[in-house]
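Next come the chains, spelled out residue by residue.
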Amino acid sequence: MELAHGTYRFELSCWWHKAMWTKDVTVAETAALVKEFVDQALAAEQAGASIPAPRYPASDTTVQA
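Reference entry: report on the structure contained in this document. (Residues numbered from 1 in each chain as written. Predicted model: local features only at pLDDT ≥ 70, side-chain atom pairs only at ≥ 80, totals over all residues. Heavy atoms only, no water.)

### A short note on the pairing of strand β1 (residues 7-14)
Part 1: As judged from the eight bridges shared by β1 and strand β2 (residues 19-26), these two strands associate in the antiparallel manner. Bridge assignment links S13 to a residue of β2, and that residue is M20.
Part 2: Connecting β1 to the antiparallel partner β2 that follows it, the hairpin turn spans four residues, and K18 within it adopts a positive phi of roughly 50°. (Pairing = 2+ DSSP bridges. Helix = DSSP H or I, 4+ residues; strand = E, 2+ residues; numbered from the N terminus.)

Below, the structure written as structure tokens:
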């Protein structure tokens, strides 16, 4: 969300932990965050790494007989 004084509110939420984190960042900080995220994603792809699947509560992961 863009704020009036030239910063952005960066919000992350985690459905697994039912938590939310908020930080106000400048345009330069936002660009650096996006660049780092993209760089890491590209590096992982080049290394053949896979993105892990979402974790589910144990009751949803039981093996059916």
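Now that the structure has been shown, we can carry on.
### Focus: the environment of E11
Part 1: Assignment of secondary structure puts E11 in strand β1.
Part 2: Judged by its relative accessible area of 42%, E11 falls in the partly exposed class.
Part 3: Each C-alpha atom, one on E11 and one on W21, is 5.7 Å from the other, the two residues being ten residues apart in sequence. (Buried < 20%, exposed > 50% of the residue type's maximum accessible area, 1.4 Å probe, protein only.)

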